[in-house]
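Next come the chains, spelled out residue by residue.
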Amino acid sequence: MHPVNRNNWKAQLIAMAVVIAVSLAILLALIAKGQWFYGAQAYRYHYLLGSFREAVDAGIGYPRWLPDLMGGYGYPTFVYYQPGFFFLALPFTYLFSDLVHALTAALLFMLALGGMGMYMAARQFTHATGAICCAVLFLLTPYIPFMLYARGSLSELLGVLLCPWLFHFMLRLQQQWPLRQVTWHSCIGFSLSGAALLYSHPMVAAYALMAIAALLLLVRQCRNRGFLGLVGCCGLLALALSGAYWIPVLQLYDAASWGRAHRIVTMDWPQLLFLGSGHLAFAVFLLLRFRNDRLMQALAVVITLLLLLLSPAGQGLWGHALVAHYTAMLQMTYRVLGVLSVLLLLMVARGMTYFAEPSRIVFWTLTALLLSYGTANRAADFYQRHWPSHLFSYSRALSLFAPAPMHDRHRLPKGWKHKTWFEDSARYREKIQSGISNMTHTGEFFPKGAKVPRSSRFRDNIPYARGDFLSLGSSGIAPYRLSMELDIPDATAPGPLVIHQYRFPGWQVKVDGVDLPPEALHQTKEGFIAVDIAASGKHTVAAWYDGPPGWRMRNLCMALAAMVALAGMRYILRGNKRQGHVW
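Heads up: these notes are all about the structure in this document.

How each quantity is defined
- The numbers attached to residues start from 1 for each chain and follow its sequence in the written order.
- Only residues with pLDDT of at least 70 are given local features in this predicted model, and only at 80 or more are side-chain atom pairs given and counted; all residues enter the totals for whole chains, interfaces and linings.
- Hydrogens are left out, water is left out, and the side-chain values use all remaining heavy atoms of the structure.
- Note on conventions: DSSP H or I runs of at least 4 residues are helices, E runs of at least 2 residues are strands, and numbering of each starts at the N terminus.
- Any residue under 20% of the maximum accessible area for its type is buried, any over 50% is exposed, and the rest in between are partly exposed; the area is computed with a 1.4 Å probe on protein chains only.
- The rule for pairing is simple: two strands pair if DSSP sees at least two bridges between them.
- Patch construction takes residues with relative accessible area above 30% that form no salt bridge. Like charges are linked within 9 Å, and nonpolar side chains (Val, Leu, Ile, Met, Phe, Trp, Tyr) are linked within 5 Å.
- Accessible surface is estimated by sampling points in the Shrake-Rupley manner with a 1.4 Å probe; for residues, cover comes only from the protein chains shown.
- Between Lys or Arg on one side and Asp or Glu on the other, a salt bridge is scored when a side-chain nitrogen of the former is within 4 Å of a carboxyl oxygen of the latter.
- Angles run from 0 to 180 degrees between N-to-C directions of axes, and those axes are lines fitted to C-alpha atoms, restricted for helices to the stretch in contact.
- The cut-offs work like this: below 35 degrees is roughly parallel, past 145 is roughly antiparallel, 65 to 115 is roughly perpendicular, and the gaps in between are oblique.
- In this scheme the crossing of two helices becomes right-handed for a clockwise turn of the near helix relative to the far one and left-handed for an anticlockwise turn of less than a right angle.
- By the convention used here, residues are in contact when the closest approach between their heavy atoms is within 4.5 Å.
- Polar here means any residue outside two lists: the nonpolar Ala, Val, Leu, Ile, Met, Phe, Trp, Tyr, Cys and Pro, and the charged Asp, Glu, Lys and Arg; Gly therefore counts as polar.
- Stacked, tilted and edge-to-face are the three classes assigned to paired rings of Phe, Tyr and Trp, where Trp is represented by its six-membered ring and a pair needs centres within 6.5 Å; plane angles under 30 degrees give stacked, over 60 edge-to-face, the rest tilted.
- Any Lys NZ or Arg CZ that is within 6 Å of a ring centre and within 35 degrees of that ring's normal is treated as a charge sitting over the ring.

1. Observations concerning the environment of V231
Step number 1: Relative to the helices and strands, V231 resides in helix 12 (residues 225-241).
Step number 2: Exposure remark for V231: the relative accessible area of 19% places this residue in the buried category.
Step number 3: The spatial distance from the C-alpha of V231 to the C-alpha of L173 is 8.5 Å, given a sequence separation of 58 residues.

Structure representation (C-alpha cells):
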C-alpha cells in the first residue's frame, strides 16, 4: 500500500476537468436539443421551478404554498415536497432567462458536484488516477442516467449525487479519530452534507443513514463513546439545520392525503443491473483479491445486507405490521441503488490502494464500463416490457443519454400526448394552469376535506375571492398576499367572504389589522377558506399563507439544538485534538 497525497491541486484540477467532461457527455441530448423533456417525473420540474422563482421574487424566502396549482386554487407542494433541488437551481434562473437553460446548468453543476464528491471520497484510499476512475465510474453508473432521463427524478438524483460527500466526511472522521486529529472541517462538512441530503431527498438520506450505521458498527467505532458522541452531535446539527423541512412534514402529516404515494413498491431483480454489472464485478474481483482488508470486509457486509433487504425474503419485512407504516414512507425500495453504487465504488477505491500501476486501473475501469452498459440493456428491456411509458429506448449504449418518445395519457395536458420534448415551454405552462394539475400524478399532498375543482379558476376568470360588497384593492391581484376591501351597509347581513384557496394549516387572515384565530377560518364544501364578517362599515382584509403553524417556536428549537450540537462538538474535540488549534 502506497501513501496518498490528497493535497495535489494539479490532480484536483485534472479531476474536475474530467468530471465536467463526463457530465457534459451525459447532458449532451439536453444541450443539443435546447428543450426540456417529458419523463416519469421530469415534466414537473420545469413548472415547479418557475413557480418557485415567482414566489421568491414575491419576497418569500422558503416557498411552501403554490397558489397557481390545482387550477389556481393553491396546493401545499413544498410543505411536503423536498425543496433541495429547487434551492440549488434557483440561482441559475437569475443567470439564464430561459428555464430550460437554468435547469440544464443546474444539472451540470449537480453532476460535477457528485463526481468531485466521489473523487474526494476515493482519495481517502487511493492515488489521483484511481480516484478519477472512481468518479467516472460513479457518474456512468447506469442508475444515474436512468434517474435523469427515464424516471426524471431530479430530487432523488441530487440526493444520490450528495451521498459521496456524506461518506467522504464520515470516512475522514473515522480515520482521524484514532490519530487524535479530528478537525472542525470534517465535523461541519459531515453535518452540512447530511442536512443537504435531507433537504434533497429524505428517502435516500434514510438509506444512507442505514449504511453509515452498519458500517460504523462493523469497523468497531461504535465501541468508542467519544466517537459516538461526536457523530451524534454532527447528526443533531444536521437535523437542526434541516428542521425547516422535516419538522413541518411530521407536524402536518395528517393534514393532507397521500394518495398512491404512501405505499411500498418492491424491486425487481433486473433493476440490479442498473448498478452496473461491470461495477459489481470490479468490486467483487478486488474484494477477493484483497479479502483481508477490514474496511473492504465491512463494505462487503453492508452491501450484502442492503441486497438482502431487496431480496424476496427481505421484502417481506417491508410489509410487516410493526414497520409497514414507516417503510411505506420510503415508497420505493430500489432507491437504495443510489447508496449501493456509492458503497461499491468505495470498495473499488479501497482495492485500488494496492494497485501501483495507473494503466491497469484505467484498463479495468474501461472494461467495467463496457460490461455495465452492455448488460444495462437487459434491465432496460425489462422496463420496456413492463412499463412501456418510460422514456428510455436502450437499443444501444449511447441511448442512455438520448430520450426516446414516451406515451402517458394521464400526465400530459390535452394536445401534448406522445411527445418527448417541450416544443413551447410557455404554452405548456399555460395549458397546465388552464387545467387541473397538482404536479404529482399520484394525488399526494391533497388537503383533507377539499374537493377536486370542476374547472380551472384561470380559465373561468374567477377572482381570488368572492363576497358581498367586496372589491379587490390595487395589490389584490398578487397571489401571495391578497388585499381586499369591503363596505357593508348598516342593517345588512352579508354572506361569508370566500377566498379561492384551499384551507390548510398556516393560512393567516387579518381583518382591519387584527389576526383572526385559526378556528375563525371555515372550510366551504369545496374546501376553500371562508371568513364571516358581520360588522357593518368599511373593512380591509388581508390573507396570505404564513407557513406551517408554530414556525417561531420551531426556529427557536432548531437554533437551540444547533448550539447544543456545536457545544458538544467543541467539548469532544478538545479532548481529542493534538496540541495547538486544528482546522
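2. Some thoughts on the sheet that holds strand 3 (residues 465-466)
Step number 1: Pairing within the open sheet is antiparallel, and its 4 strands lie in the order 3-6-10-9. One side of each edge strand has no neighbouring strand; the edge strands of this open sheet are strand 3 and strand 9 (522-523).
Step number 2: Note that strand 9 and strand 10 (residues 528-531) share 2 bridges and pair antiparallel. Bridged to Q523 within strand 10 is I529.

3. Here's the deal with a nonpolar patch on the surface
Step number 1: Taken together, M16, I20, L24 and I31 make up a surface patch of nonpolar side chains, about 310 Å² in accessible area.
Step number 2: It is helix 1 (residues 9-26) that provides the largest number of residues to the nonpolar patch, a total of 3 residues.
Step number 3: Here M16 lies in helix 1.
Step number 4: We classify M16 as partly exposed; its relative accessible area is 39%.

4. A look at the packing of helix 9 (residues 154-176) against helix 10 (residues 184-200)
Step number 1: At their nearest, the axes of helix 9 and helix 10 sit 8 Å apart, and the two run at 160° to each other. The orientation of helix 9 relative to helix 10 falls into the category roughly antiparallel. In the packing of helix 9 onto helix 10, the handedness of the crossing is left-handed. On helix 10, the residues that touch S155, L158, G159, L162, C163, W165, L166, F169, M170, R172, L173 and Q176 of helix 9 are H185, S186, C187, G189, F190, S193, G194, A196, L197 and S200.
Step number 2: Broken down by class, the residue content of the contact of helix 9 with helix 10 amounts to 12 nonpolar, 9 polar and 1 charged.

5. What about the packing of aromatic side chains?
Step number 1: On inspection of all chains with the given rule, the structure shows 27 aromatic pairs.
Step number 2: On the basis of an interplanar angle of 65° and a centroid distance of 6.3 Å, the ring pair of F78 and Y81 is categorised as edge-to-face. When sorted by exposure, F78 lands in the same class as Y81, which is buried.
Step number 3: One Lys or Arg, R64, reaches over the ring of Y62 and ends 3.8 Å from the middle of that ring.

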